[in-house]
Amino acid sequence: MKGSLKSLLFAGAGLIAAAILPVSVSAYTLETHTPDEIRAWYAAHPNDEESVTYLKKPVTVNPMDPGRLSDASEQQALNTLNLCRYIAGLPADVALSEKYIEQTQAASLCEYLLDGLSHSPSCPKGMSSALYQLACEGAGNSNLSFGYSTPTDAILYGHMYDSTSDNIKTLGHRRWILNPDMAYTGFGETGNYSVSYAFDTSRAEQFTGEYVAWPPANMPYEFYKEPMAIFSDRDWYAFSVSLGSEYDKANLKNVTVDLTSKKRSKTYHFSKSNTANSYFLNVSTAGYGVPNCIIFNPGVLFDKDDQLTVKIGGITKNGTSAPISYSVSFFQLNQPSDQSAKAVLESETITVKPGAKKVSVPVTLKNNPGITSLDLCISYDSDLKLASPGGLDQIHPGSLSPIGIMTWYRGANAGISGSLSDSGLMYTKDGELFHVDFDVPADLVPGTYPMKITVNELLGENGKPIEFETVDGSIVVSDGKTTAPATTVTTTETTTTTTTTTTPVPQNAVIIADRITAVQGAEKVPFNIVLMENPGYSKISLRMDIAQPLAALNPKLVLLAGSAAPNAALTWTGGSGTVIGLTAEGSETVSEIGTLLTCELDIPEDMAPGRYEMTVQVDLFSDLAGQTVPFEIIGGWIDIEEPPRKAGDVNCDGKHSIADAVLLARITVEDASVTVRNRGMSNADCDGIAGLDVGDVVALLRFLAGTVAALI
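The model shown is predicted, which means the values in this text are computed figures rather than measured ones. By convention here, each chain's residues receive numbers from 1 onward along its written sequence. Totals for whole chains, interfaces and linings use every residue, but because this is a predicted model, local features are given only for residues with pLDDT of at least 70 and side-chain atom pairs only at 80 or more, for both listing and counting. By convention in this description, side-chain values take in all heavy atoms of the structure and omit both hydrogens and water.

(A) Molecular detail of the overall build of the chain. Comment: elements are numbered from the N terminus, with helices defined as DSSP H or I runs of at least four residues and strands as E runs of at least two. The helix and strand inventory of the chain stands at 11 helices and 45 strands. Considering only contacts in the chain between residues 6 or more positions apart, those separated by 24 or more positions represent 74%. A total accessible area of about 30,600 Å² is found for the chain, and carbon and sulfur atoms account for 52% of it. Residue contacts follow a heavy-atom distance rule, with two residues in contact if any of their heavy atoms lie within 4.5 Å. For every accessible area listed, the method is Shrake-Rupley and the probe measures 1.4 Å; residues are considered covered only by the protein chains on display.

(B) Inspection of the layout of surface pockets at higher detail. Estimates place the volume of the largest pocket at around 1,300 Å³. Only protein atoms enter the 1 Å grid, on which a cavity is a set of points fitting a 1.4 Å probe that cannot get out and a pocket is an open set with protein on both sides within 12 Å along at least 5 of 7 lines, lining residues being those with an atom within 4 Å of a point. Leu113, Leu114, Asp115, Pro644 and Arg645 are, among the 30 residues lining the largest pocket, the residues nearest its centre. Listed by contribution, the elements that provide at least two residues to the lining of the largest pocket are α4 (98–114) and α10 (678–684). When residues in the lining of the largest pocket are grouped by element, the largest group, 4 residues, is from α10. Residues are sorted three ways: Asp, Glu, Lys and Arg are charged, Ala, Val, Leu, Ile, Met, Phe, Trp, Tyr, Cys and Pro are nonpolar, and all the rest, Gly among them, are polar. For the lining of the largest pocket, a count of residues per class yields 14 nonpolar, 8 polar and 8 charged. Grid points are joined across faces, edges and corners, and a volume is the space filled by probe spheres set on the points.

(C) Inspection of the sheet that holds strand β11 (residues 211–214) at higher detail. Strand order in the open sheet formed by 4 strands is β11-β13-β17-β16, and the pairing between neighbours is antiparallel. Each edge of the open sheet is held by one strand with a lone partner, namely β11 and β16 (280–284). Along the sheet, successive strands turn relative to each other by an average axial angle of 10°, direction set aside. Any two strands between which DSSP finds at least two bridges are classified as paired. Summarising the sheet, β16 and strand β17 (residues 293–297) pair through 5 bridges and their orientation is antiparallel. Within the sheet, the bridge partner assigned to Ser284 lies in β17 and is Cys293. With axes taken as lines fitted to C-alpha atoms, and helix axes fitted only over the stretch in contact, angles between N-to-C directions fall between 0 and 180 degrees.

Written out as structure tokens, the structure is:
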């Protein structure tokens, strides 16, 4: 997922370096680890947590409490930091510091309350001075990020990448993680605001190596490519070489870099005078970890089996030329297994009693030969009920999801299908792909209720079909008295010449309602119903039931004759109250996909935050011959959130003006004719002192005049 980063300040780095001086008792240089050694280290130090857990959750209202991550989340973040150091050849024994944990968790709470990243944050309203001091220490000495679900993601795909336009000149986050002098760290996270302590320099051993490079000699391709999928291909991936202490300070005017790709048979030449290409080259001598770093970016994506050679000239030791030459080999961390083995996709058989809730049925992958594309469907007995029919939150992508994008489609009560595709990477792990949660009706007759796996596509490298077997499972319902019939397990096979099973199922149309987020008071929020997986239709009639209390909104309907029905005559049915509808009938079969209908909703300012589900009902969906087209419906929802507070925006128009000051003055004199939104009343209290009075008016006027930098 995409996140944002802030570069660390050199001034702060200098203060910390002066405060914590390493006592050198021994020396060390870099170690070069083989791909197999890196894979073994990675397997022994898991970091695959999908979301953080807490020993104590942060409390964001008074009395505030920064909370603390669980031992597991802290350890996984630490494993990730040490993994990067291990790959680079540095000591991978950085430990957690209780002091740093307190500071970083306080800093993450502060950043969350302020809804922004800053190494010198202001004090959030209501935060105690002691907690604020901890937060300042953490924010000023750490790598900061926003938008990542775990510190692991922030480190791998944010800090180590570091190649966006606002970070590439220094690569400060990366260089702190790869600082040879680091011995301790700490992690904090609140609401996707992640803080990783970076400025520790207390390692006793002294680094005497020539340089620290990233990407290093053996580089996992996943860590190289995936950040570019999260951010943008135009940023690509910067290379960095931090020079050891024996080197003189590098001068950009003299430095040259030649990067040669074996697979492309091409050399990329970097120098300050080379303006013929858009290559990036810089020398950073700021105090981010090792303060003598050469940074270059070729602006291309190298292949996963490429081998690179790097030669750096124009650098010296004691005035004498001392060039550097090294190689980079990409490899897959998740190593493909024997391509001759058949993949096995298996649904388990679970025994339960009538009335059981959230029965979890895993679907696992075994004998994985390496997958780049997967499309499958799970069909289940209609007497079973999904534990959460209106949403997707009970379908949990498992070990397959970290690489590629997993997309899920849910049927009303007949099946679930999912797909994954990433042509650039092969996924090779065995294990749980996902699991589905069911509620078993209390009156369900004891017996065996099968679940069938149908694989529509399973592709490996270069789009080649992979042989596979499917093992169907079931839910066996037993009341403890009646013996349930034996489970029938079926196995289907394919060869490399086809990717269809021996029992194909017809393609279903998939009708999807949006899942969107809106804030209280938002106007004209668009909400769509989209048609996917369209096998072809000529007639369609559907309705969308809008959840209470949204029904009172009288949504404005906007007719979109989109790509889903270019040849059909569209007419509206309903259009008021809780239901909107669409009927389309044409003389030709329509097989395109796209938007079927859109409505615009106004969200009341006083509407309670929460999730409001939308359901879709299809009355008719048929082809020219009048035959029903099979379809699945995926319901949607609107998540209503409180808008961020904007101090001084009294009239809630999103900006500050004299109109806000006039309105605020009328409020303070209790003008009964004034009508102000609840959000506006919250924004009106802007002088940092609880309660509305003339002080708030004065603070706002000073802000408008430019004599006050910010409102509180």
